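Residue-level structure breakdown
If you want the building blocks of each chain, they are given just below.
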Amino acid sequence: QVQLVESGGGLVQAGGSLRLSCVASGRTFSTYTMGWFRQAPGKEREFVAAINWTGGSTLYAAFVKGRFTISRDNAKNTVYLQMNSLKPEDTAVYYCARGKLNSGLTRTMGEYNYWGQGTQVTVSS
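Residues numbered from 1 in each chain as written. Predicted model: local features only at pLDDT ≥ 70, side-chain atom pairs only at ≥ 80, totals over all residues. Heavy atoms only, no water.

Another point: the side chain of T119. Counting through the fold element by element, T119 comes out in strand β11 (residues 119-124). A distance of 3.2 Å separates a polar side-chain atom of T119 from the backbone nitrogen of G9. If we ignore the near neighbours within four places in the chain, the residues touching T119 are E6, S7, G8, G9, L20, A92, V93 and Y94. (Helix = DSSP H or I, 4+ residues; strand = E, 2+ residues; numbered from the N terminus. Polar contact = N/O pair within 3.5 Å; in protein donor to acceptor, adjacent residues only side chain to side chain. Contact = heavy atoms within 4.5 Å.)

Structure follows, in structure tokens:
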């Protein structure tokens, strides 16, 4: 059974930074695309960023605009989301997700079949 556990969320002032981590169980972490999504109150879950299995390719939502960086350490079964220049509109629960087998780099939620419980990020103005 695959488990994804996020950490690193919290309360930060606008303009600040946070680094989210997601640790995955299982020995085949390195063969899957990993993604970050977020869901704000009253809104649908949306794509934030994704990284391919080697870490050599990444994909970002337009609203990231160079503020966020996704990375991974396959030796530690961990994917990261470095978030800089945070804005109040970034307030949401952030989820990491594992892509389906043979899924390429994608922003489509349906292409991810394992999800973490989420970590709350709150940005104050």
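Take S103: it is sitting in the loop between β9 (92-99) and β10 (112-115). Since its relative accessible area comes to 13%, S103 is described here as buried. Leaving out residues up to four positions away in the same chain, S103 has contacts with T33 and E111. (Buried < 20%, exposed > 50% of the residue type's maximum accessible area, 1.4 Å probe, protein only.)

This paragraph deals with the pairing of strand β1 (residues 4-7). Across the two faces of β1 the burial differs, with L4 and E6 buried and V5 and S7 not buried at all. Bridging between β1 and strand β3 (residues 18-24) involves four bridges; their strand directions are antiparallel. Of the residues in β3, the one forming a bridge with S7 is S21. (Pairing = 2+ DSSP bridges.)

Summed over all chains, the structure comprises four aromatic pairs. Centre to centre, the rings of F37 and Y112 are 5.1 Å apart; their planes meet at 80 degrees, and the pair counts as edge-to-face. Of this pair, F37 sits in strand β4 (residues 34-39) while Y112 sits in strand β10, placing them 75 residues apart in sequence. Here F37 matches Y112 in class, with each residue buried. Taken together, the ring pairs in this structure connect F37, F47, Y112 and W115 into an aromatic cluster. One residue, R45, lies across the ring of Y95, its end atom 3.7 Å from the ring centre. Here R45 stacks its cationic end above the ring of W115, 5.0 Å away from the centre of that ring. (Phe/Tyr/Trp six-rings, centres within 6.5 Å; stacked < 30°, edge-to-face > 60°. Lys NZ or Arg CZ within 6 Å of the ring centre and 35° of its normal.)

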